[in-house]
Amino acid sequence: RDRDVTGVQTCALPIYHQVLEKLLLILQDISDAKSGQRDFIITGQESFLQSCQNSLFEVDQSVRDIREMILKGDASQKDNLEKLNYLLVKEIDFF
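> So what exactly am I meant to see when it comes to the packing of helix α1 (residues 15-43) against helix α3 (residues 78-92) here?
Two quantities define a packed helix pair, namely the angle between the axes and the distance from one axis to the other. Between α1 and α3, the shortest axis-to-axis distance is 12 Å and the interhelical angle comes to 10°. Between α1 and α3, the angle falls in the class roughly parallel. Here L23, I26, I30 and K34 of α1 come into contact with α3, specifically with L84, L88, E91 and I92. Residue composition of the contact of α1 with α3, by class: 6 nonpolar, no polar and 2 charged.

> How do you make sense of the pattern of salt bridges when you look at a structure like this?
Pairs can form between side chains of opposite charge once their charged atoms are near each other. Under the counting rule described, the total for this entry stands at 6 salt bridges. Here K34 and E91 are joined by a salt bridge, their closest N and O atoms 2.4 Å apart. Taken together, the residues K34 in helix α1 and E91 in helix α3 connect sequence positions 57 residues apart. What makes K34 partly exposed here is its relative accessible area of 38%. Overall, E91 belongs to the partly exposed group, its relative accessible area being 26%. When the shortest N-O distance is used, the salt bridge between R38 and D39 registers 3.9 Å. For R38, a relative accessible area of 45% translates into the label partly exposed.

Quick notes on the rules
- Residues numbered from 1 in each chain as written.
- Predicted model: local features only at pLDDT ≥ 70, side-chain atom pairs only at ≥ 80, totals over all residues.
- Heavy atoms only, no water.
- Axes fitted to C-alpha atoms, helices over the stretch in contact; angles between N-to-C directions.
- Helix = DSSP H or I, 4+ residues; strand = E, 2+ residues; numbered from the N terminus.
- Parallel < 35°, antiparallel > 145°, perpendicular 65-115°, else oblique.
- Contact = heavy atoms within 4.5 Å.
- Nonpolar A, V, L, I, M, F, W, Y, C, P; charged D, E, K, R; others polar.
- Salt bridge = Lys/Arg side-chain N within 4 Å of Asp/Glu carboxyl O.
- Buried < 20%, exposed > 50% of the residue type's maximum accessible area, 1.4 Å probe, protein only.

Structure, rendered in structure tokens:
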């Protein structure tokens, strides 16, 4: 899956730009997950819960993509990736 936020082809960007794109997608997906959760709580409609779960899946996939990019490129960013992963787990634990 090659979603991007700016409309620029992801493969043409340097790795750090690709990582930034994925980070923006993570922010959007977390926001979408929270909206889906809130809407499910308010309405009880399963479709909102599914939307929440789909968004969390997208977050997981983006983190995997970032991990792969970092391992291929700048391994010095591995600590930052672990911090990101920790913060995301903390954020998602509220779901």
